[in-house]
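Coordinate inspection notes
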Amino acid sequence: PGQNAQRVVGESNVMFKKKKKEKKEIKKNTPHSFYGDELRSQIASSGSGDDLKTCIIINSADWCVDTATKLAEEVRSCIDESCHAGVKEEAPTETFLAVIQDGTMKLVGDLIEQLGPQLTEMVQTPWYQHEEVGDQSDYVSKICSVLSEVFPKFGKNLKPNLFKHLCVKFVDEFVPRYVRALYGLKRPTPSACRQLLLDIQILKSQFPKIPFLGDPERFRERELKAYNMLVRISMGRGEAILKFLESEIPPSEGTILADQYSELLQDDGSVTDFLRLLEMKGIGTKEQKPLREYLEKTKGMPLSSKRNNASHSDSKGTDTIRRFRDGMNKIKDKLKE
């Protein structure tokens, strides 16, 4: 009897796994999944010069999202209300929103790669020899030139709501890289910090213009309120770092130095970043130790910043896609106003 029971359980498990596999295959082979996978593979295989192709794919996916939503609403209007729950558009919309997300990140990733040499130039500049503040640095001029060349094309080839989302993702991805690059500077002088502050102000003033490049009438100002706030907050962290580096408070006034860092960086501050900035200011390990203890015990500052701990591993996950969809719907609703 025991052997028969084990055999029955074994056969049941095999059957269950088979059914589960069949169900997965059916789901995988639905038209929207097949088409979505094909579009995503086209994005993944496209080169850095295939921006137009990627824009067309993003627009096509957006059309599919709208069509799936409208079709579901149309079907619900034709059937009894008790059957409405059976009409579900989540699967196809999430499939094509994932395509939009992949395409957007492909464009942003290629653009950030194009700006890589400018960030390298900024880091490799001998700021420790810098004594005067002049016009904007060459690397800033080059960044502005690339943005002025690329974004009008994006604006021309993408629907307004998709282009706006692209602008948001660019700032959200590029600015943190720019800020992290500041930690790679070699012993910048106070004058160098003032020059870098001037540079960051130029970029900060340039980013709000990006959505209008190629078409000054593309958006109304109030539609970009959240975008402009993102620019101010993101660039503000870089400004805070440079203001801290610019200050000439001596190591003997350690607690004042630590308080200044805590006040400037607030929730973005961390002990690890603070020690790196002290090193950039030429403050040795021995002098750093009491300041570290002061920040940890008195201020309760974490070892690593929240920003560094944030994981982007779920960027293609369902939760992220749903949040993306909600954001897209809000953008579309505002554009209809």
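First, a word on scope: everything that follows refers to the structure included in this document. Source: prediction; values computed, not measured.

Brief notes about unusual backbone geometry
The phi dihedral of Arg-187 falls on the positive side, at around 40°, and the residue is not glycine. Take Arg-187: it is sitting in the loop between helix H6 (160-182) and helix H7 (190-206).

Looking at the environment of Lys-169
Along the chain, Lys-169 turns up in helix H6. In the structure, Lys-169 is positioned 65 residues away from Thr-104 in sequence and 7.8 Å away in space, judged by C-alpha atoms. Among all residues touching Lys-169, those that are not within four sequence positions of it are Thr-104, Met-105 and Val-108.

A few points about the packing of helix H5 (residues 138-157) against H6
In contact at an axis separation of 11 Å, H5 and H6 are set at 160° when each is read in the N-to-C sense. Viewed along their axes, H5 and H6 adopt a mutual orientation that is roughly antiparallel. H6 is crossed by H5, and the crossing has right-handed handedness. Between H5 and H6, the contacting residues are Tyr-139, Ile-143, Leu-147, Phe-151, Phe-154 and Gly-155 on the first element and Phe-163, Leu-166, Cys-167, Phe-170, Phe-174 and Tyr-178 on the second. Residues belonging to the contact of H5 with H6 are distributed by class as follows: 11 nonpolar, one polar and no charged.

What to know about the pattern of salt bridges
Per the stated rule, a full pass over the model turns up 13 salt bridges. For Arg-40, the salt bridge is made with Asp-102, and the minimal N-O distance between the two is 2.8 Å. With Arg-40 in helix H2 (residues 31-45) and Asp-102 in helix H4 (residues 90-124), this residue pair connects regions lying 62 residues apart in the sequence. Across the pair Lys-159 and Asp-62 runs a salt bridge, and its minimum N-O distance is 3.2 Å. Note that Lys-159 is positioned in the loop between H5 and H6 and Asp-62 in helix H3 (residues 51-78), a separation of 97 residues in sequence. When its relative accessible area of 28% is taken as the criterion, Lys-159 is described as partly exposed.

Considerations on the environment of Lys-225
Relative to the assigned elements, Lys-225 resides in helix H8 (residues 225-246). Classification of Lys-225 as exposed rests on a relative accessible area of 59%. Along the primary structure Lys-225 and Pro-208 are separated by 17 residues, whereas in three dimensions their C-alpha atoms are 9.8 Å apart.

What counts, and at which threshold
- Residues numbered from 1 in each chain as written.
- Predicted model: local features only at pLDDT ≥ 70, side-chain atom pairs only at ≥ 80, totals over all residues.
- Heavy atoms only, no water.
- Helix = DSSP H or I, 4+ residues; strand = E, 2+ residues; numbered from the N terminus.
- Contact = heavy atoms within 4.5 Å.
- Axes fitted to C-alpha atoms, helices over the stretch in contact; angles between N-to-C directions.
- Parallel < 35°, antiparallel > 145°, perpendicular 65-115°, else oblique.
- Left-handed = near helix turned anticlockwise from the far one by under 90°.
- Nonpolar A, V, L, I, M, F, W, Y, C, P; charged D, E, K, R; others polar.
- Salt bridge = Lys/Arg side-chain N within 4 Å of Asp/Glu carboxyl O.
- Buried < 20%, exposed > 50% of the residue type's maximum accessible area, 1.4 Å probe, protein only.

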